[in-house]
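One-letter residues, chain by chain:
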Amino acid sequence: MAGWLVRYHKGLLRGDVLGALTAWALIVPESVAYAQIAGLPPQNAFYAAPVALLVYALFGRSNFLIVGATSAAAVLSAAAVSDISGDPQDAVGLSAALAVIVGAVLLIAGVARLGFITNFLAEPALVGFLFGMALTIVVRQGAKLVGVSSGDGNFFERLWTILSEAPEWSLTTLAVGASALALLLLLERFVPRLPAALIVLALALVLSAPLRLKDHGVDIVGEIPSAVPVPHLPGIAAQDWIALSAGALGVALVVFAEAFSMASRFAREHGQDVDADREMTAVGLSNIAVGLVRGFVVSGSASRSAAATGAGGRTPMVSLIAAGLILLTGAFLTPLFTDLPEPVLGAIVIVAVRGFMRVGELRRYAALDRQSLWVALTALIGVLLFDLLPGLLLAVALSLVLFIAAASRRNVAVLGRLPGTRLYADTAQHPDAATTPGVLAVRPDGSLFFGNVNRVRIAVRDLVAEASPPPRAVVLDLTGSYRLGIPVLDTLGELREELARKGIILHLAHVRARAEQDLDRHALADHVGPHGLHRTVDDAISAATSEPA
């Protein structure tokens, strides 16, 4: 735990302080905005932020990841909570409980070394999901920019609600929101190293009271109580804990995928490594801790991590210093946010999530990989039509379908001997590789499992039927299979029987040690016999050709 502290030296402090100040400048306005997205009072952001930073700094392994409230986590939290109760009074307890459940899921998965599961969330599905999520956030926050409610329902229903209320739009609110939006974009475009969100936040706070924006119909945040995190168990009913658990699995997947993708990206850029299981555990502990101080789900923030690193931050000391600054802000400076205009918060959130709308990536899919394009668009439209959690489940389902489809399509290569060697290669790739008369040597391109073994059986049967003259032996190279489950062995047994009825003997080559243990416990081992198992394809073909015709 926190092994980096032992190696820390004062030469790193200046950069880490600058990184912490930059992170603080972003965390304060964004966390307040994300609390709004999550359907919680702003002070709950100040409860959660320092705790998340502290716990991750102690247990995480990434030197650069800043953990805290994010747009994705806030929206997913709001969606999961709204499925249980639409009463704002219930949101605090339900959101905190969701964070605890998400954290527990990640902690258990990390201890069980299940970090590899993020590899099965296909990138096109994630791109489409995040794009749809960003559009959903934009339409919800866009309502704040014009001073109306977005209502309920999916993206299209909310958009129609906003547009249908055009006569009720507040021109003053629109002017404030549009000005904030324009200033944010201009600052990011021309002076990207400055904390644009903090500058716009400060200007809004300075100008709000003198311009009497509240009197002109502009909604403001209002009084924020002092926010020092103290332990507080989520006081919700047992059935609500159970109801939250179903949605928590999907939220946990996205939270970790978001955090780990950022951690691994920064690690690669700086020649370091991060361990998926350790990161899963650290993010899980951060969420549990946040839930126990009335916070809401947290993840890794791309914008804050990049900004802190760009300012010179190089170690988790950035998170510790930023946590101290936020504690001071929550304890003594929350009155400063009383007059903060809601349309300014909406503008900050819209600018923060626009990076998820990766039009360029969709264009790349359209040009290079139409299947990936359709997967991304399906996930995107699923989010817009069915909301975030159903859209997330659709993205996960698409990822699993893609994985199973890819794994089930196994090419079966015909092997031939390379000239002057005892090595065998795919004759389709090596035309000079010579096949052995009377013996058909084949190799599935990958591991066999229940989803593809029958296709391999059919492919071998078809190759036998096409061979002229018919082979008297088939050599099956199992190099790619490290395990042989019962469904695989049963199907190989069927293949052996089909070949035997035609007078063809089945030989197995390159059977891995663990796969051979599986084979020894199956009836197929008795039928193949020790004479049918071989270390190499060459050994198998030699044995097959030496058998009497």
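Rules used in this analysis
Residues numbered from 1 in each chain as written. Predicted model: local features only at pLDDT ≥ 70, side-chain atom pairs only at ≥ 80, totals over all residues. Heavy atoms only, no water. Helix = DSSP H or I, 4+ residues; strand = E, 2+ residues; numbered from the N terminus. Buried < 20%, exposed > 50% of the residue type's maximum accessible area, 1.4 Å probe, protein only. Areas by Shrake-Rupley, 256 points an atom, 1.4 Å probe, with all protein chains shown as cover. Pairing = 2+ DSSP bridges. Axes fitted to C-alpha atoms, helices over the stretch in contact; angles between N-to-C directions. Parallel < 35°, antiparallel > 145°, perpendicular 65-115°, else oblique. Contact = heavy atoms within 4.5 Å. Nonpolar A, V, L, I, M, F, W, Y, C, P; charged D, E, K, R; others polar. Arc of directions from axis to C-beta. Phe/Tyr/Trp six-rings, centres within 6.5 Å; stacked < 30°, edge-to-face > 60°. Patch = residues over 30% accessible without salt bridge, like charges linked within 9 Å, V, L, I, M, F, W, Y side chains within 5 Å. Salt bridge = Lys/Arg side-chain N within 4 Å of Asp/Glu carboxyl O. Core = buried A, V, L, I, M, F, W, Y, C linked by side-chain atoms within 4.5 Å. Expected span 1.5 Å × (residues − 1). Lys, Arg positive; Asp, Glu negative; His and termini not counted. Polar contact = N/O pair within 3.5 Å; in protein donor to acceptor, adjacent residues only side chain to side chain.

K.L.:
Hey, could you go over the overall build of the protein chain for me, with residue numbers and the actual values?
P.N.:
Across its full length, the protein chain carries 21 helices and 8 strands. Seen through its C-alpha atoms, the protein chain measures out along the principal axes to roughly 100 × 60 × 50 Å. Taken over 549 residues, the protein chain has a buried fraction of 52%. For the protein chain, the exposed area adds up to about 24500 Å²; of that, 62% sits on carbon and sulfur atoms.

K.L.:
Kindly report on the pairing of strand β5 (residues 439-444), identifying the contributing residues and their values.
P.N.:
Counting buried residues along β5, 5 of its 6 residues qualify, which places the element largely inside the surrounding structure. Where strand β3 (residues 412-417) and β5 come together, 3 bridges link them in antiparallel fashion. Residue pairing in the sheet places V414 in a bridge with V442 of β5.

K.L.:
Any details on the packing of helix α1 (residues 13-37) against helix α13 (residues 342-353)? Residues and values, ideally.
P.N.:
Where α1 meets α13, the closest approach of the two axes is 9 Å, and the angle between their N-to-C directions is 95 degrees. As judged from the angle between their axes, α1 and α13 are roughly perpendicular. Between α1, through P29, E30, V32, A33, Y34, Q36 and I37, and α13, the contact on the second element is made entirely by E342, L345, I348, V349 and A352. Here the residues of the contact of α1 with α13 sort into 9 nonpolar, 1 polar and 2 charged.

K.L.:
Quick one: what's the story with helix α14 (residues 359-368), residue by residue and with numbers?
P.N.:
For α14, the complete set of buried residues consists of E361, L362 and Y365. For α14, the angular spread of the buried residues around the axis is 100 degrees, confining them to a single face. Facing away from the buried side of α14 by over 90 degrees, the exposed positions are R363, A367 and L368. Check the buried side of α14 and you find it contacts α5 (123-146) and α15 (370-386).

K.L.:
Could you give me a rundown of the packing of aromatic side chains, with the residues and numbers involved?
P.N.:
On inspection of all chains with the given rule, the structure shows 3 aromatic pairs. Pairing F256 with F260 gives two aromatic rings, centres 5.5 Å apart and planes at 20 degrees, and the pair type is stacked. With F256 and F260 both in helix α9 (residues 238-269) and 4 residues apart, the pair spans about one turn of that helix. Here the two residues F256 and F260 agree in accessibility, since each one is buried.

K.L.:
How would you explain the sheet that holds strand β6 (residues 473-477) if you had to name every residue and give the values?
P.N.:
Pairing between the strands of a sheet is mediated by backbone hydrogen bonds and can be parallel or antiparallel. Spatial ordering of the open sheet is given by β4-β3-β5-β6-β7-β8, a layout of 6 strands whose pairing is mixed. Two strands in the sheet have a free side with no partner beyond their single neighbour: β4 (424-426) and β8 (533-534). Relative to strand β7 (residues 505-509), β6 is paired through 5 bridges, and the arrangement is parallel. What sits directly across from A473, in β7, is I505.

K.L.:
I'd love a proper account of a nonpolar patch on the surface, names of residues and values included.
P.N.:
Residues L13, V17, L18 and L21 make up a contiguous nonpolar surface patch of roughly 280 Å² in combined accessible area. With respect to the helices and strands, the residue V17 is situated in helix α1. Since its relative accessible area comes to 31%, V17 is described here as partly exposed.

K.L.:
Could you give an account of the pattern of salt bridges, with specific residues and numbers?
P.N.:
Counted under the stated rule, the structure contains 12 salt bridges. Residue E361 pairs with R358 through a salt bridge whose shortest N-O separation is 3.9 Å. When its relative accessible area of 14% is taken as the criterion, E361 is described as buried. For R358, a relative accessible area of 32% corresponds to the partly exposed category. The salt bridge involving E361 is made with R364; its shortest N-O contact spans 2.7 Å. Here R364 and E361 lie together in helix α14, a separation of 3 residues that amounts to about one turn. Looking at R364, the relative accessible area reads 43%, which means it is partly exposed. What emerges from the salt-bridge pattern is a single network uniting R358, E361 and R364.

K.L.:
Go over the packing of α5 against helix α7 (residues 171-190) with me, naming the residues and quoting the values.
P.N.:
Two elements in contact, α5 and α7, have axes whose closest approach is 6 Å; the angle formed by their N-to-C orientations is 125 degrees. Judged by the angle between their axes, α5 and α7 are oblique. The segment α5 lies against α7, with K144, L145 and V146 engaging T173, L174, G177 and L181. Among the residues making up the contact of α5 with α7, the classes are represented as 4 nonpolar, 2 polar and 1 charged.

K.L.:
Tell me about the nonpolar core, residues and numbers included.
P.N.:
As a rule of thumb, soluble globular proteins bury nonpolar side chains together. Counting residues in hydrophobic clusters, the biggest one holds 108 residues, and the most contacted among them are V102, L106, F129, F296, V297, L340 and V344. Here this core takes 12 residues from α9, the largest share from any one element. Setting aside residues no more than four positions away along its own chain, V297 makes contact with A69, A73, S77, L98, A99, V102, V251, V255 and N287.

K.L.:
Go over helix α4 (residues 88-111) with me, naming the residues and quoting the values.
P.N.:
With 24 residues, α4 ought to run about 34 Å at 1.5 Å a step, and its terminal C-alpha atoms sit 35 Å apart, in line with that. Among the residues trailing α4, R113 stands out with phi positive, at a value near 60 degrees.

K.L.:
Got a sec to walk through the side chain of D477? Specific residues and values, please.
P.N.:
Among the structural elements, D477 can be located in strand β6. No salt bridge is formed by the buried D477; the nearest opposite charge belongs to R443, separated by 4.3 Å. One polar contact links D477 to T479, side chain to side chain, over a distance of 2.5 Å. Among the polar contacts listed, one links the side chain of D477 to the side chain of H510, at a separation of 3.1 Å. If we ignore the near neighbours within four places in the chain, the residues touching D477 are L415, V442, R443, P444, A509, H510 and V537.

K.L.:
Pulling in residues and values, what's your account of unusual backbone geometry?
P.N.:
Following S468, the chain continues into P469 via a peptide bond in cis, with omega recorded as 0 degrees. Along the chain, the position of P469 falls in the loop between α17 (453-466) and β6. Positive phi values are uncommon outside glycine, yet R212 reaches one of about 50 degrees. Here the phi dihedral of R294 falls at roughly 65 degrees; this positive angle occurs in a residue that is not glycine. Topologically, R294 is positioned in the loop between α10 (276-291) and β2 (299-301).

By themselves these figures say nothing about function.
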